[in-house]
Every structure is written in C-alpha cells, then in structure tokens.
Amino acid sequence: MKKLVCILTVAVLLLTAGCACSAGNGAPVDVTEGMENTAPKATYTPVRAGSLTPLSAKSAKGEAILTVSKNLGGQETGLTWWILLPFIAEGERASVEVTVSLPEGCTVLDNDWGTAPGVAMEADGIHVLMLPGPPRECEMMFRHRAVPYLKGLSEGVIVSRTVKTFGIGESAAEALLRDLMNSLHNPTLAPYAKPTGTELRVTAHARTEAEALARITPVVDQVKALLGDKVIGVDVSCLEEVCYGLLKERGLTVGTAESCTGGLLAKLLTDLPGSSALFRGGIVSYTNAVKAGVLGVPQTLLDQYGAVSPQVAEAMARGAKAVLGCDIALSTTGVAGPEPDDRGNPIGLVYLGLAWGEQCQVVPLHAGQVDRDRIRRQAAQTALDLLRRHLTGL
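Residues numbered from 1 in each chain as written. Predicted model: local features only at pLDDT ≥ 70, side-chain atom pairs only at ≥ 80, totals over all residues. Heavy atoms only, no water.

Caption draft 1: Examining the pattern of salt bridges more closely. Overall, the coordinates contain twelve salt bridges when judged by the stated rule. Put simply, Asp112 and Arg145 hold a salt bridge, and the shortest N to O gap is 2.6 Å. A residue pair is termed long-range when its members are at least 10 positions apart, and Asp112 in the loop between strand E8 (107–109) and strand E9 (118–123) and Arg145 in helix H2 (residues 135–153) qualify at 33 residues. The closest approach of N and O atoms between Asp271 and Lys267, which form a salt bridge, is 2.8 Å. On the basis of relative accessible area, Lys267 is assigned to the partly exposed category, the value being 43%. Three or more residues are tied together by salt bridges with common partners; here these are Asp229, Asp385, Arg388 and Arg389. (Salt bridge = Lys/Arg side-chain N within 4 Å of Asp/Glu carboxyl O. Helix = DSSP H or I, 4+ residues; strand = E, 2+ residues; numbered from the N terminus. Buried < 20%, exposed > 50% of the residue type's maximum accessible area, 1.4 Å probe, protein only.)

Below you can see the structure in the form of structure tokens.
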C-alpha cells in the first residue's frame with residue numbers, strides 16, 4: 001500500500017436553486033421551492049445533476065420521486081435509497097427516491113444511521129473513503145464501516161488502550177513519562193490533553209489482537225505506577241462513569257447541594273443510564289435563604305464566615321445528606337466571577353464538601369481567574385474526583 005487517504009465529506013443531495021425541473025404543467029420550477037409547496041396531486045419531473053436533463057415524471061400522493069445521477073468517472077449503478085424531506089404535504093411526510101452514479105469497482109458502505117451511503121475506492125495504491133457529513137452519521141459510519149474496512153487493508157492489527165487521568169496536565173504527565181516514552185517503539189505512548197483530563201494512549205502493532213495486548217499491558221502498568229493516584233481508570237470515558245461504577249459496586253447512593261456550579265454536578269451524575277438507582281437528588285442552593293431554609297445551614301455560619309467558606313460547604317453537605325437521605329452528599333460553594341464576592345474572596349476559589357456517616361471532608365479548589373464556565377466545570381469535576389478518592393480509599 002503506497003498511501004491511504006480518508007476523506008470525510010458531506011453527502012451530496014442536489015436539491016439546490018438552479019437545479020430546475022418541470023412541474024405537471026411544464027413550467028420550470030426550482031426543485032426546493034417546488035417541494036416546499038408540494039400539493040398531494042402535483043407531478044414533478046426528476047432531474048439529472050450536471051446536465052439537468054429531465055428523465056421521467058413520476059409522482060404519488062404525499063411523495064415526490066427524484067432521480068439524481070452524477071458523473072464520478074464511473075458507471076451508473078442504480079443504487080437507490082429513500083430520503084425523508086423536512087416538509088409535510090397535507091399532514092403526510094414526503095419522501096424522495098434518489099439514484100446515484102458511483103465509481104466503478106467501489107465498495108458501498110451501508111448507512112444504518114441516515115440516508116446517504118459511504119463509498120470506499122482504490123486507485124494506484126491510494127485508498128479513498130467518503131462518508132456522510134452529519135456528525136452523528138459520520139461518527140457511526142467511521143466506527144462501524146470505515147474502521148473494519150481499514151482493518152482489512154492492514155497487515156496485522158493496531159490496538160490501543162487509554163489511561164485516563166485527572167488533576168495532572170499534559171506537560172506534567174509528559175515530564176514524568178518522558179524516559180518511558182523515549183524508550184518505546186512498539187508499543188508507543190503518547191499524551192493527549194482533554195477538557196476533562198490528560199489521556200495517555202498506548203498503541204501497539206502486532207499480528208493478532210492478543211499479541212498487541214501482550215505488548216501494551218506492561219506499559220499500561222508502568223504508566224499507572226508512575227502517575228499514581230492521578231489515574232482514574234483505563235479505557236474509561238469520564239469521572240462520572242468511574243464514580244457510577246464505584247457507587248454501584250458498593251451499593252451506595254449520592255446526592256448534591258450546589259451553589260456556584262448551579263446543578264452541573266447533578267447533571268453529570270445523571271447523564272449516565274441507570275443513575276436513578278444511585279442518585280437521590282440535588283439541591284441548587286444559590287442563595288443564602290435556600291442554604292438556610294432548605295439545607296439547614298445555620299444563619300450564624302453564613303453571617304460569620306460567608307457563603308464561600310469551608311464551614312458553609314460542610315454544613316451544605318451535611319444538610320443535603322439529611323434532606324435527601326443519601327449515603328454520601330457532595331457540596332460546592334465558591335466564586336465563579338466575573339467579580340470577587342462581597343467578602344473579597346477571589347474569583348476561582350471554591351470549597352467542596354463530602355459528607356458520609358457522621359463525618360465530613362472539605363477541600364479548597366483554586367481554579368484561577370478564568371471564565372465562569374471553566375470554573376464551574378473544574379469545580380464539578382474536582383467534586384467527582386473527591387468522591388472517587390473517598391470510594392477508593394485514597
């Protein structure tokens with residue numbers, strides 16, 4: 001194989017202004033305009049893209065039949081699929097039948113997630129893949145159609161495992177792993193900065209998947225040893241997934257009391273399917289009145305220390321645990337900006353509380369003077385990491 005090219009391209013449906021066809025009365029109309037104003041008995045003439053040569057008229061109630069051909073340097077295959085258009089004719093959904101020309105000898109990649117298929121072809125050692133443009137279709141097509149196709153071109157297999165971390169940046173992780181990275185050839189080790197933490201990807205090439213994993217496993221173990229408690233898991237997507245698994249294993253429930261994060265922590269915990277079995281509820285206590293009236297935070301604490309304080313974070317966590325009846329409660333209170341609070345607490349200062357049994361732990365987070373969204377996201381993620389550390393005994 002000389003070269004491999006993967007092209008992600010928008011699926012072409014030539015229903016644009018200028019692609020004219022004839023209505024039942026023979027008057028030229030714009031295809032798009034005609035379909036938007038379709039009446040059930042209207043007749044539309046299909047068009048050939050490029051030459052725009054009328055082919056044959058065909059219609060039925062509630063549907064418009066369109067045949068499109070495009071010269072791609074190959075032969076017409078007669079491949080046909082149905083496309084539901086975003087308009088309704090007298091309460092009925094219209095549909096369009098599309099026939100396209102495809103390059104001779106190409107491989108058609110079926111699209112089970114949309115309308116337009118993908119195409120894979122090869123010429124002079126160059127492989128080209130064309131996939132639909134809508135993000136969800138493109139992602140699913142790449143994962144379930146393109147990847148198997150590409151694997152079939154490869155001599156052997158390429159396997160990767162990802163070590164997910166939290167609380168350590170890409171540069172710091174690379175400094176700790178530099179000697180190991182420089183010593184490796186197959187497998188390789190590479191760091192990737194992600195919004196929710198640094199990832200370390202270990203990749204090996206071998207004849208079989210088992211052989212590749214045998215190369216990868218010792219390196220993964222070395223990475224975990226070097227990064228210690230910063231590692232949240234291997235081949236996991238996020239902290240909330242890790243926390244969900246730990247709570248489920250231990251048969252524990254969790255609840256939240258949030259101020260500066262405004263419900264983001266509860267959202268993350270409930271994004272996962274099945275979270276209703278573990279998440280009791282969340283209270284967004286954005287004002288002191290709600291902190292005192294709902295969570296039972298003593299007014300004396302609020303008056304003496306202010307809402308952004310370790311004392312109030314502890315009282316919020318204990319209050320949420322009592323009100324929600326959960327095994328563990330998390331709390332967040334801080335300054336998300338854009339100005340310091342009335343007591344002079346700086347932007348980015350957040351206190352995180354975790355209550356369990358009769359005990360409570362509070363940790364400060366200094367997120368820095370960054371934008372509100374980043375402070376809130378970092379606070380919510382750090383609260384989840386606090387939960388992870390508690391559940392794993394770190």
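Caption draft 2: Here's a closer look at the pairing of strand E13 (residues 197–206). Most of E13 sits inside the fold, with eight of its ten residues counted as buried. By the bridge criterion, seven bridges tie strand E12 (residues 188–194) to E13 in an arrangement that is antiparallel. If you follow Thr188 over to E13, its bridge partner there is Thr203. Taking the residues that link successive antiparallel strands as the turn, the E12-E13 hairpin has two residues. (Pairing = 2+ DSSP bridges.)

Caption draft 3: Spatial organisation of helix H4 (residues 209–227). Between its first and last C-alpha, H4 extends 26 Å over 19 residues, near the 27 Å set by a 1.5 Å rise per residue. Along H4, the residues classified as buried are Ala212, Ile216, Val219, Val220, Val223 and Leu227. Buried positions along H4 lie against strand E11 (157–165), helix H3 (170–183), E12, E13 and strand E14 (231–234). Following H4 by one or two positions, Gly228 has its phi on the positive side, about 55°. (Expected span 1.5 Å × (residues − 1). Contact = heavy atoms within 4.5 Å.)

Caption draft 4: Region of the structure containing the packing of aromatic side chains. Within the structure shown, the criterion is met by zero aromatic pairs. A cation over an aromatic ring shows up here: Arg201 above the ring of Tyr192, its NZ or CZ 4.5 Å from the ring centre. (Phe/Tyr/Trp six-rings, centres within 6.5 Å; stacked < 30°, edge-to-face > 60°. Lys NZ or Arg CZ within 6 Å of the ring centre and 35° of its normal.)

Caption draft 5: Here's a closer look at the nonpolar core. Core analysis: the largest hydrophobic core is formed by 35 residues, its most contacted members being Leu247, Val254, Leu265, Ile328, Val350, Leu384 and Leu387. Examining the composition of this core, we find that eight residues originate from one element, helix H10 (residues 372–392), more than from any other. Ignoring any residue separated from it by four or fewer positions in sequence, one finds Leu384 in contact with Leu239, Glu240, Cys243, Leu265, Leu268 and Leu269. Among the nonpolar cores identified, the runner-up in size contains 20 residues, and Ile168, Leu177, Leu189 and Val231 belong to it. (Core = buried A, V, L, I, M, F, W, Y, C linked by side-chain atoms within 4.5 Å.)

Caption draft 6: Structural detail: the side chain of Ser331. Inspection of the secondary structure assignment puts Ser331 in strand E17 (residues 328–334). A polar contact of 2.7 Å, which involves the side chain of Ser331, links it to the backbone oxygen of Ala313. Here Ser331 is in contact with Ala257, Ala313, Met316, Ala317, Tyr351, Leu352 and Gly353, once residues within four sequence places are set aside. (Polar contact = N/O pair within 3.5 Å; in protein donor to acceptor, adjacent residues only side chain to side chain.)

Caption draft 7: Structural detail: the packing of H3 against H4. Packing of H3 against H4 leaves a shortest axis separation of 10 Å and a crossing angle of 150°. In terms of axis orientation, H3 runs roughly antiparallel to H4. Crossing geometry of H3 relative to H4 is assigned as right-handed. On H4, the residues that touch Leu176, Leu177 and Leu180 of H3 are Val219, Gln222, Val223, Leu226 and Leu227. (Axes fitted to C-alpha atoms, helices over the stretch in contact; angles between N-to-C directions. Parallel < 35°, antiparallel > 145°, perpendicular 65-115°, else oblique. Left-handed = near helix turned anticlockwise from the far one by under 90°.)

Caption draft 8: Expanded view of the sheet that holds strand E16 (residues 279–284). With mixed pairing, five strands are arranged side by side in an open sheet as E16-E15-E17-E18-E19. Single-partner strands in this sheet number two, and they are E16 and strand E19 (359–366). Direction aside, neighbouring strands of the sheet carry axes that sit 15° apart on average.

Caption draft 9: Highlighting the side chain of Ser259. With respect to the secondary-structure elements, Ser259 resides in the loop between strand E15 (254–258) and helix H6 (264–270). When residues no more than four places from it in sequence are discounted, the contact partners of Ser259 are Ser285, Tyr286, Lys291, Met316, Thr332 and Thr333.

Caption draft 10: Focus on the pairing of E19. Relative to E19, strand E18 (residues 349–356) is paired through eight bridges, and the arrangement is antiparallel. Residue pairing across strands places Tyr351 opposite Pro364, the latter belonging to E19. Where E18 folds back on E19, the antiparallel hairpin that results is connected by two residues, among which Gly357 adopts a positive phi of roughly 50°.

Caption draft 11: Broad picture of the sheet that holds E13. Spatially, E12-E13-E11-E14 is the arrangement adopted by the four strands of the open sheet, whose pairing is antiparallel. Only two strands of the sheet have a single partner each, and these edge strands are E12 and E14. The average undirected angle you get between the axes of adjacent strands in this sheet is 25°. Summarising the sheet, E11 and E13 pair through eight bridges and their orientation is antiparallel. For Lys164, the partnering residue across the bridge sits in E13 and is Glu199.

Don't take any of this as a statement about function, it's just geometry.
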